Every structure is written in C-alpha cells, then in structure tokens.
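Chain by chain, the residues run as shown.
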Amino acid sequence: MVPGDEATLMAGATASQSDIDLLRTRLGLDRPMVEQYATRLAGLARGDFGYSSTFRGNPLPHVLARLPATLVLMAAAITLTVLLGLPAGMVAAVRHNGWPDYLLSLLVVGLLAIPNFWLGLMLIVALSVERGWLPSFGFTGWASLVMPTLALAARLVALVARMTRGVMLDELAKDYVRTARAKGLAARAVVGRHVLRNALIPTVTVIGLQTGYLLGGSVVVERLFAWPGVGDLMINAVGARDYTLVQTITILFVAGFLLINLLVDVLYVLINPRLRRA
Amino acid sequence: MKRRTVLTLLSTAATSPLTLGSPLRALAQATAARTLTYGQSGAVNSLDPAQGAFTTYPAGYEVAYCLYDRLVDFDENLKFVPQLAEAWEVAPDLKSIRFRLRKNVRFHDGTPFNAQAVKFNVERLVDKARNPTNRPLWDPVAGTDVVDEHTVVIRTKAPFSQLLNSLAHGSGSLVSPAAVEKHTEKGIAQNPVGAGPYRLESFTPGQEVVLRAADGYWGGKPATDRLVFKYILEASTRIAALRTGSVDVIDSVPVQLVAGLRKEANIEVVVRPSLRPMGLAINLSRPPYDDPRVRRALNHAIPVDTIAERVFFGFAKASDAPLAFDTQGYQKQRPYEYSVAKAKALLGEVGFQPGASGQLERDGKPLKMTLLASDGLFPGDVSIAEIAQRAFQQIGIDVTISKIERGSYWDALRQERAALAFDLAVFGFNPSNASGLYHLESLFKSNADDAARPTVWNMGRYRNPKVDELLAQANSNPDPAKQLAAMGEAQRIVWEDAPYVWLHVNQNVTAFRKGVKGVELWPIVFTIPRRARVEA
Amino acid sequence: MGGSLLFLYVALAALGPWVAPYGENEQDLLGVLAPASQEHWLGTDQIGRDLLSRLVVGTRFTLTAAVVSVTLAALLGAMLGLAAGYFGGRVDTVLTGLADLLLTVPNLILAIAIASVIGAGMSGLIAATTAGFVAPLARLIRSRVLEVRQEDYVQAAVAVGVPDARILARHVLPHATTTLVIEVSLLAGQAVLLGSALGFLGLGVRPPAPEWGTMLSGGREFLEVAPHLVVAPGVAISLLVFAFNTFGDGLRDWLDPRHPR
C-alpha cells in the first residue's frame, strides 16, 4: 500500500502533524473504518458520494458536469463504427476474395494490434504537429472531436467490419440469396433487401461486447487528447489519490456499462423480430 | 474608430487585392486582442488563499495573482512594491509592521477594502482550522491591530524578518469578507471575490478559469478584457495549441523544444533561471548516510555539469550552493568535483570496500540505497533518478528507484521517521515567498521532533545547532548585511555537511504568440498574465 | 506467421541481455536523443540509452506480464468456473454473482483502480491485468462444465460415488482445457495492450525497467525532436499483439474445428 490518507494530502506541503490531525478529525477519518463505511453508504443513497479532496466536497456534480464530453466522444465513436465498419464489412463480403476483402483483412489485423494511445499519438504527429490540420487537445469545436474519435473507434470499426463480413458471407451463401442472384437480381439489391437487417446484428453484438473497451478506452483517449471528460478526471484522481473521486467515477462507469448493455438488448429485440417471439 | 478601420481596409483592398489577407487578419486580431488565453500545465481546482490554498500549485497561484491584490506585491524580479498598502514601516525590533492602506478601493462585490478587511483576512490565514496550509508563513503572526480605517499594524510573536514575504506571497491574497460570509468558508474557493485587476467570470474546476477585467480597478483597467486559463497537461499539446493559435501563452516548455520554437516566426520564447535548486535529499536517520563522508562521496559521484549541459541542453546550471544563484542571500561554495576516484576513496575511508561482485561492502553487508523519484513533478525527474542510479552503481552502490505518482509524492517524503521509505529522494524547493532565509529554514532548520513528521521540508532529519543559531540570527537581526552574513555562513556549513546531493538549477521556459506583451515570468516558476496584452 | 513472430519475441525475451548491442541501462550522457545510426540502430533516448537494447530487453517485461497474468487468470478462472459449474447450487449462485459484478467494471478501469492501490511495480501490473480476465474465463469454463456434467459417463461416475476431485480432474478438466488454451492465447494480446496502457498512464513498472508502454509515455515529451522514442515502442507493442492474435486464431482453428471461420 502507498502511504498517506486524504487528510495528509489535503493539508498540503507545509502542514505539521497537528494540522493533519485536525483535518483528519474534520473529515471523519479518525473514526472506525466500519463507521466511515456506513456513513459513506448512507451518503451514496442520498447522492452524496463523500468528501473528494479535489473538489472539497461531494464530487458528484463535478463528475456529472464532465459527463457530456465523455458521452459525446462515445456517441461519436459508435457512429463512426457503424458508418465505417458496416459498409466495409459488406463490401468485403460482396467482393469476397477480391482486393477490398484482402485490404480489409489486413486493416482489421492491424487495427486490432495497435494500441489506441499510440494510434492517437501518431494521428497527432501526422495531422496536428506536422500539418496543423486538426486541434489536438481539449474540446475546441467539432474539429477537435475527429482525432479522439478515430483513436477510440479504430478497434470497434475493425471488429464490426470483420464480424459483418463473416455474417454476410454466411447469408450470401444461403439458398434464398443464391436463388435471387440466379434469377438475375442485382447483387446490390439482394444485399439491400435481405441481408442488411441480418448484418446489423453483429454490429450491435460487437458494441455490446465491447462496452468495457469503449469505457476503458475513453479513459486513455481522453487523457491523451486532454478531452475534458470523466476518464481524464479519473486519472487526475488517481494521481491525487482522491479515492472518493475514483470510486464515484468507477460507479458511474459501472452504471454506464449496465445502461449500454440494456440498450443493446433492446436494440436486439427491435432488429431481430425472431427474438420478440422467443 | 471602427469605421476608420473598415475604410482603410476597403482602400487597401481596392489598391492591392493581394494584401487583403493581412489587414483582415489584423482586424480579427484587434477584436480577439480583448481575450488572452493561457494554456497552463496545471489544473486549477480552488481559488481560496486559505482552506488548503490555491490548488494546484502553481496554476492556482497564477490565477490568484490576477484575481486578488495583496498588501504588498512582487515585481517581476521579486522586489516588494506597494499594492493595497501604499506604504509601510517596519518596527526596529522586527516584531511588527505598520501599513498605510490605499483609499477608495473596493472588492469586486462592491464592498470597501479597509483595515477591518485586512484584519479579517490575516486572522483567517493565521487560524489553523480555516487555513491548514502554508503554516510557516502564518504561524509567526501574533495579531492585527486596526488603528483607523486606513491604518493597520500586523504583529509577530518574535522577530520575523520575512513578514513582507508572507504578505506578498500568493496566500496573502485579500478576500472580500462579505463574500466569505455570503458564499461560506468553503464556498469561496469556487466563488472567489478579490480586489485585483480581474474578477471571476466563470470557473470550471480542473479545466478552465475565465476572468474579466475589473471596472474601477485602482491601477486602471487592464489592457486585456478577458483572461482565459486553460488546463493542458501535456507539453506537446500545449505547444500544438500555441502553434494553432488556440492559446496565446503557455508555460513549462520542455527545454529540448526551445531551439526549434525559437526559429518559428510567430512564437516568442522567454527563458529565466528559476530559484529552485534540484537535488537528492538524503535521509540522515539511517547508516551509512548519517556519515558526512558518505554524503560527500555521493556528491562527487554525479556528473552534474554534464547533466546540466546535455540532458537539459544548457537550460540548467550545476549548483554551487544550497540556494539557487538568483535567490536573495545566495553565497557561492566550492563545487564538489565530479570524480569517481574521490567518491570511492571517501567511501573507503568509512570502511566500504568492493566485494566479490564489485559491489561495495562493509562488514560483509552490501551498500544499498532506495531512491525515491517523482513522476512529472520536476523537469526530467525520472531521468534524474535514472542517471543518479547509474552514477551510484558506478561507485559500487546498489540502487533501487521507487517512483511515486504526482499527487502522493509530497506525502511520501514527509513521513514519520520510522516510516521513511527512502535513502535519497528527488526534491527541489521553490521559495514561493522569494525569501532565501525561508528556503534555508524550510530545508535545514532542525525539526521540532525528528521522530514525527518533519516541521517543514527537512525530511532527511538534518540537525546542526550552529545552523539553527545562524538562521535565528538572520531572522531577528534588523541589519540586512548581518542577515546576509548569517545566511552565507549557514550555507557554508550546510554545503560541507552535505545533507543533499546537489544537482542543478533549471531555467523556466514560457512561450507566447508574437505580439503578446507584458507576460511576467517570475523566477519562482509562476507565469503571470495580469499585465499581458496583445498588440496586433 | 503469428507463431514464428511469437517465437522471435520469446527468443528475445529469453536471450535479451545477450543479444542486445548495449546494456539496457547503459547511459551516454554526451549522446542523448541521437537519431538512428550505425552505432545505435534505433537511436538513443533522453539520457543516452540505446533504444534497440531497451526494446529487446524490455520484451521480457511485457511478455512475462502478459503471459503470467493470463495464466494466473486462467488458473483462477478455471478453479472458480469448475467449482461453480460442478457443484452448482449456492456455490454457483455466489460465484456467478461475483463474476457478473466484476464483469460490469470495464477492464481498464478495474486495472487502474488496482494499480493505483498496489503502486508501481511488476506485481501491481500483473495483478491489475489479471483481475479483469478472471470473470470472463470463469464464466466460460462454467458453461463448458455444465455441458460436460450432463454427459452420461460423468453422471455415472457421480452415481457410483467417485470423489469430486477425481471426477473433476479425470473427466471435466480435460474438456475445459482446450477451450481455456484457445481463450488464453487470444487474451494474451489483450493483456499486452492493457499492460502497456497502464504503463502509458504512468501506472506500470519501476524505472529504469524498459517496459514499452512506460518508454512510449516517457518519449512523448520528445515527440518533435526524437519521434523514434515513441514510434519504436509502439511498433514493438503492435507486432507482439499481432503475433498473439494470429497465433490465437491459428490455435483455435487447429484445436477447435467446430469454430466457424
């Protein structure tokens, strides 16, 4: 364990032992652990997450104030995933064993291996440092959203593309598609009419399975791009050893995780009527 | 005025369409000139001089110097200049100062600034319950006497030559008493009301502070309408932001980038030696580091000149005294020459001989060391630790580095003696009240109780009665020459006793867009934009 | 391809100090931030250490951390999964509940929380990376055990009173092993990414250990003057993850023919 508690940190660089003790009494850190814990739990129920040394009080409003930035980043990442991953997988499947297919496989393998923080750094070098095209920090308008979104979404795009391709290949091999094709319907029409709905399922599946990645990845990406979201705050909290704040954010992330999974389940049912009957 | 500009623009456009771009840009800048954005390396979380003070350091202090006035101000060279006190008179016994206050000054909430306000503030700062931080600055104060509406006397318990330093220090910022009552003791940190050149417009803790020029400021309305302080942790992002023009000023520029930045047409770089000597604090409470010869040996083992020149690209200078070169009271000592042979010889004197593996041993026990390092708290801190580790290994000491995250570092240093987890620790003290004496006292005055947490920053438990006596003399002797002599002698003894491995003094680097004027870079690592303006 | 690349990494991890051209902590303060050259193929870092040597020796940290943490996670996951699946009832309820709870905390968040409590160092790094993998593996094993448990021969063994430990070891474990091996090799790549992300966030090993994520993070400040400090560790991490991923895929195709390609 690393030494020290909130009081010692708060009292600051020049506090003496008696100052720290004073502060400790005020924060209730001198009371028994069980009592502290009970107080904290009771507080949680009331929306009071305890004493954060960073904000000198209940951190919840401050954490919530940062939530929109994180939500924007995640929404952008999911949107980009759908916009890029889905068509890429479909094209690869239609052109099975053609060059788009090989290119995609290569990209997928690459994107799955590259750490998001490194991808982000390389984007900063290429688009910000060298050319000055895009702002590389904070939220300064929509252009500043581009690089963090790319860094966060890359892995999801790859996974969705790969899965879409797989499902599409299965679908395209099914009898009804073959028949339709044999009848001379254009491949595009077939894809559009019959297959799209089935192809949406893997997208939703991937996003559901990767919720953990999305939330965790946002921490790294926010840190890298100084994105004013909850994840960035979490790393600050770790550095300041503000455990109340770390705890609050963790709870928020868990809530987010559950919420996204719930949404995914709902989406499933909406997309796939067969599940509705079941 | 505006119409004229447009007319000029039109005529320029008519005569030469090629140059249209630049006057347009000038116009854009003229409007933008009202706002100046400063990309800070630290986050501002609270803006109360008491209750834990402006966190984080130094970002909060930089905002505070724009938002609040104090009785006494520092100029860019850390000389005292009058601010809300027009004049003062130091008592011959150094036990009180009488201040004549500026008249017709109001806080941003409209309430008057007067002797009662000073009394309220000083009492708030002295009260440990309300102000647990910066104790050494305020503990010596005994009380405040209101003589009349515009005269006040501040008394100390004992002769204290540094009272003006405390009052000019950021924590001496004067808060509107009415605002403290309105927003409560705790709330003032988020709703600060001062009497400085700027008032608060908006504050998002941990991200951004926006200040607006205060109407009716006694020193005249500032040239820049709005000051925006934006927290940008990474140096590379700060620089990118400066280049793209989303900020006008940045601090803590890594020295390796200075050469490149200086070549850029739109960027100006200011470099200034700091007052913070970097070093490795030695824990004297455990053998063999209780022996001054061992500590001197360590000082001989590190190539300090090479580090300053190569690792910091010349933007640092090897130390030759416990104080930094520009600190008031600094006195040059004879540098410890870099010599592995000397280091080994000294350790040999103490009984350490190379064992079978080349490691130094005494009575069959190998010489080991734990070196505590911060991560990003000081320039190049991890690198410093790694270089020291290698250098000590070269004289036969087995060194383990223990890296502590930023926020917990101070606490790891200031443990009770029994809980000290280091033999050496990377440390640099910044005398933020500009007093060399405060610097020496904080680091080298004996602790009240060596077993408990250190009183200030003497975490190595250095103890020399002679040094204590000299420092007490410097604090109570009204003759500045005698003060300096005592400080000089104290430095000589400390340098000989070597409770530190002294390394170097860094230079601070701040950069801003060409056309920005009046940004102050204080030697105590603060970048202060209170008088900054943009000239198109 | 993944296999041979992985083999190369393993070889580098084993031989590291012997094949590296310089000592990983050898400093040349007169030659800091040097670009690639004849003497230093990948240049030097901010205190004049040979970057190639640090990468080569650093293989051991990243590889060991990844392999140890997935192995630990596999052992723990297998134990908990076996217990939950085999004994069922209250044991199952409690363990599944715990696993579900753990699964709601995103991996990296869990790792950050653990690393921040344990502090910097190899053990903290391993504990932090292990934690997130236990629950999914336990769940996986549990479901396999449930399948196997329905088999007649297992039911028969239970009926004639063969001790639980023996049934588990003889009949249940072998079935779960294949699943486990495949999953572990696929997770190893994730472990590398997670470990280096922790290093990047400053929660990794102690200096001067040449852990790649930490090196990359330390090089950021020098991105403009010495981009090799950031590029090279990034390539090393990516290639290792690539190797684990392709190896895992290959292993799955080979061991588990049922898996659709």
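Residues numbered from 1 in each chain as written. Chains lettered and ligands numbered in written order. Predicted model: local features only at pLDDT ≥ 70, side-chain atom pairs only at ≥ 80, totals over all residues.

**Concerning the overall build of chain B**
No. 1: Counting its secondary structure elements, chain B contains 17 helices and 24 strands.
No. 2: Along the three orthogonal principal directions, the C-alpha set of chain B runs to about 85 × 65 × 40 Å.
No. 3: Of all 536 residues assigned to chain B, the portion counted as buried reaches 53%.
No. 4: Sequence-distant contacts, at least 24 apart, represent 67% of the contacts inside chain B between residues at least 6 apart. (Helix = DSSP H or I, 4+ residues; strand = E, 2+ residues; numbered from the N terminus. Buried ≥ 20, exposed ≤ 12 C-beta atoms within 10 Å, placed from the backbone. Contact = placed C-beta atoms within 7 Å.)

**Describing the overall build of chain A**
No. 1: The number of helices and strands found in chain A is 13 helices and 0 strands.
No. 2: Helices and strands appear in chain A in the N-to-C order α-α-α-α-α-α-α-α-α-α-α-α-α.
No. 3: A buried classification covers 48% of the 278 residues belonging to chain A.
No. 4: The contacts of chain A with a sequence gap of at least 6 include a subset with a gap of at least 24, amounting to 71%.

**Looking at the sheet that holds strand β5 (residues 96–101) of chain B**
One key point about sheets: their strands pair by backbone hydrogen bonds, in either a parallel or an antiparallel sense.
All names here are of chain B.
No. 1: Ordered in space as β4-β5-β7-β6, the 4 strands form an open sheet in which the pairing is antiparallel. The sheet is open, and its two borders are formed by β4 (85–90) and β6 (141–148), each paired with just one other strand. Pairwise comparison of adjacent strand axes, ignoring direction, gives a mean angle of 20 degrees for this sheet.
No. 2: Taken together, the 5 bridges between β4 and β5 define a ladder with antiparallel strand orientation. By the bridge assignment, Ala85 is partnered in β5 with Leu101. (Pairing = 2+ DSSP bridges. Axes fitted to C-alpha atoms, helices over the stretch in contact; angles between N-to-C directions.)

**Details of the sheet that holds strand β14 (residues 353–354) of chain B**
No. 1: Here we have 3 strands laid out as an open sheet, ordered β14-β15-β16 (chain B), and antiparallel in their pairing. Both outer strands of the open sheet, β14 and β16 (365–366) of chain B, are each paired with one neighbouring strand and no more.

**Points about the nonpolar core**
No. 1: One finds Met234 and Ile249 of chain A, Leu371 of chain B together with Ile112 of chain C to be the most contacted residues of the largest nonpolar core, which totals 311 residues.
No. 2: The element best represented in this core is helix α2 (residues 51–87) of chain C, accounting for 18 residues.
No. 3: For Ile249 of chain A, the contacting residues outside a window of four places in its chain are Val63, Val230, Leu233, Met234 and Ala237 of chain A. (Core = buried A, V, L, I, M, F, W, Y, C linked by C-beta atoms within 7 Å.)

**What about the pairing of strand β9 (residues 208–213) of chain B?**
Residues and elements named next belong to chain B.
No. 1: Sheet topology note: the strand β8 (residues 198–204)/β9 ladder contains 6 bridges and is antiparallel. In the strand pairing of β9, Phe203 is matched with Val209.
No. 2: Between β8 and β9, which follow one another and run antiparallel, lie 3 residues, and Gly206 among them has a positive phi close to 80 degrees.
No. 3: Of the pairings in the sheet, the one linking β9 to strand β10 (residues 226–231) comprises 5 bridges and is antiparallel in character. Counterpart to Val210 in the pairing with β10 is Val228.

**As for the packing of helix α1 (residues 2–19) of chain C against α2 of chain C**
Residue and element names in this part refer to chain C.
No. 1: Between α1 and α2, the least distance of the axes is 7 Å, while the angle of their chain directions is 135 degrees. Here α2 runs oblique to α1, going by the angle between their axes. Helix-helix and strand crossings are classified by hand; for α1 and α2 the assignment is left-handed. Along its contact with α1, which presents Tyr9, Val10, Leu12, Ala13, Gly16, Pro17 and Val19, the element α2 presents Val56, Val57, Thr59, Arg60 and Leu63.
No. 2: Across the contact of α1 with α2, the residue classes break down as 9 nonpolar, 2 polar and 1 charged. (Parallel < 35°, antiparallel > 145°, perpendicular 65-115°, else oblique. Left-handed = near helix turned anticlockwise from the far one by under 90°. Nonpolar A, V, L, I, M, F, W, Y, C, P; charged D, E, K, R; others polar.)

**Description of unusual backbone geometry**
Residue and element names in this part refer to chain B.
No. 1: In this model, Pro287 is joined to Pro288 through a cis peptide bond whose omega is 0 degrees.
No. 2: Structurally, Pro288 is set in the loop between β12 (267–282) and α10 (292–300).
No. 3: We note that Leu94 has phi near 60 degrees; this positive angle belongs to a residue other than glycine.
No. 4: Inspection of the secondary structure puts Leu94 in the loop between β4 and β5.
No. 5: Exposure remark for Leu94: the 19 C-beta atoms within 10 Å place this residue in the partly exposed category.
No. 6: The phi torsion at Asp363 lies on the positive side, around 50 degrees, for a residue other than glycine.
No. 7: Along the chain, Asp363 falls in the loop between β15 (360–362) and β16.

**Regarding the environment of Asp363 of chain B**
No. 1: Accessibility expressed as a C-beta count within 10 Å gives 6 for Asp363 of chain B, which makes it exposed.
No. 2: Sequence-wise, Asp363 of chain B and Phe352 of chain B are 11 residues apart; in three dimensions their C-alpha atoms are separated by 8.3 Å.

**Details of the packing of α2 of chain C against helix α7 (residues 164–200) of chain C**
All names here are of chain C.
No. 1: Across the interface, α2 lies against α7 with an axial gap of 7 Å and an inter-helix angle of 145 degrees. α2 and α7 meet at a crossing whose hand is right-handed. Between α2 and α7, the residues in contact are Thr62, Ala65, Ala66, Val67, Ser69, Val70, Ala74, Ala78, Leu82 and Tyr86 and Asp164, Leu168, Val172, Ala176, Leu180, Val184, Leu187, Ala188, Ala191, Val192, Gly195 and Ser196, respectively.
No. 2: Partitioned by chemical class, the residues of the contact of α2 with α7 number 17 nonpolar, 4 polar and 1 charged.

**As for helix α5 (residues 99–113) of chain A**
Residue pairs spaced three or four apart in an α-helix point in one direction, given the helix's 3.6 residues per turn.
No. 1: Compared with the 21 Å implied by 1.5 Å per residue over 15 residues, the 21 Å span of α5 of chain A between its first and last C-alpha is a close match.
No. 2: Every buried residue belonging to α5 of chain A is among Leu104, Val108, Leu111, Leu112 and Ala113 of chain A, and all of these are buried.
No. 3: Considering only its buried residues, α5 of chain A is in contact with α4 (60–94) and α7 (146–172) of chain A together with α9 (228–255) of chain C. (Expected span 1.5 Å × (residues − 1).)

**Thoughts on α1 of chain C**
All names here are of chain C.
No. 1: Taking 1.5 Å of rise per residue, the 18 residues of α1 would be expected to cover 26 Å, yet its terminal C-alpha atoms sit only 22 Å apart, more than 12% below that figure.
No. 2: Every buried residue belonging to α1 is among Leu6, Tyr9, Leu12 and Gly16, and all of these are buried.
No. 3: Buried-residue contacts for α1 involve α2 and α9.

**Structural notes on the environment of Leu6 of chain C**
Residues and elements named next belong to chain C.
No. 1: Relative to the helices and strands, Leu6 is located in helix α1.
No. 2: Judged by the 21 C-beta atoms lying within 10 Å of it, Leu6 falls in the buried class.
No. 3: When residues no more than four places from it in sequence are discounted, the contact partners of Leu6 are Ala243, Phe244 and Phe247.

**Concerning the confidence of the model for chain B**
Residue and element names in this part refer to chain B.
No. 1: Averaged over chain B, the pLDDT score is 90; the fraction of residues at 70 or greater is 94%.
No. 2: Throughout residues 1–32 the model reports pLDDT below 50, and contacts reaching past four residues in sequence, or to other chains, amount to 10 contacts.
No. 3: Taken over the whole predicted complex, pTM reads 0.84, whereas the ipTM for its chain interfaces reads 0.88. (pLDDT = per-residue confidence, 0-100.)

**Some details on the environment of Ser217 of chain C**
Residue and element names in this part refer to chain C.
No. 1: Looking at the secondary structure, you find Ser217 in helix α8 (residues 212–219).
No. 2: Counting along the chain gives 142 residues from Ser217 to Leu75, while the straight-line C-alpha distance between them is 32 Å.
No. 3: Residues contacting Ser217, with those up to four places away along its chain left out, are Gly199, Phe200 and Gly202.

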